[in-house]
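Report on the structure
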Amino acid sequence: SIELYTNLMALNGSDADYPGQRGRAFAEKKMYRQAIDDLSKAIDLNPREMKFRYERGQAYLKMGIPKEGLIDMQYAADRDYEKAYLYLFFRHTAGP
């Protein structure tokens, strides 16, 4: 699917879903740096879509960069993205 979304991005570079989907595909393969790069492109193209922030936050956390990850999670949660809110809620209630 990475190749498919690469080709789609070449055809239509203004559609945020293509780098967003490719970012997800990279994350599934544990290629978090590439995922973050693509999800950042998706955010630049469509900053109102909170799923990109949430997924980039997840990638940062999986890379061991919690500060950046939690910033993205909080940003998405503050804009009522439920997955991010639930992540932060359960992280907070689980304790150390």
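1. Quick word on the overall build of the chain
If you tally the helices and strands in the chain, you get 6 helices and 0 strands. Listing every helix and strand of the chain by position from the N terminus yields α-α-α-α-α-α. Each of the three principal axes of the chain carries a C-alpha extent, and together these read 45 × 25 × 15 Å. Counting all 96 residues of the chain, 39% fall into the buried class. Contacts in the chain between residues far apart in sequence, at least 24 positions, make up 37% of those at least 6 positions apart. Of the roughly 6,000 Å² of accessible surface on the chain, a fraction of 51% belongs to carbon and sulfur atoms. The chain carries 15 positive and 14 negative side-chain charges, and their two centres are separated by 4 Å.

2. Section: helix 1 (residues 2-11)
Here helix 1 has its buried residues at Ile2, Tyr5 and Met9. Down the axis of helix 1, the smallest arc covering the buried residues is 70 degrees, so these residues share one side. Exposed residues lying more than 90 degrees from the buried face of helix 1 are Glu3, Ala10 and Leu11. On the buried face of helix 1, the contacting elements are helix 2 (17-28) and helix 3 (32-45).

The rules behind each value
- Residues numbered from 1 in each chain as written.
- Predicted model: local features only at pLDDT ≥ 70, side-chain atom pairs only at ≥ 80, totals over all residues.
- Heavy atoms only, no water.
- Helix = DSSP H or I, 4+ residues; strand = E, 2+ residues; numbered from the N terminus.
- Buried < 20%, exposed > 50% of the residue type's maximum accessible area, 1.4 Å probe, protein only.
- Contact = heavy atoms within 4.5 Å.
- Areas by Shrake-Rupley, 256 points an atom, 1.4 Å probe, with all protein chains shown as cover.
- Lys, Arg positive; Asp, Glu negative; His and termini not counted.
- Charge placed at Lys NZ, Arg CZ, Asp CG, Glu CD.
- Arc of directions from axis to C-beta.

The values are spatial; any link to function lies outside them.
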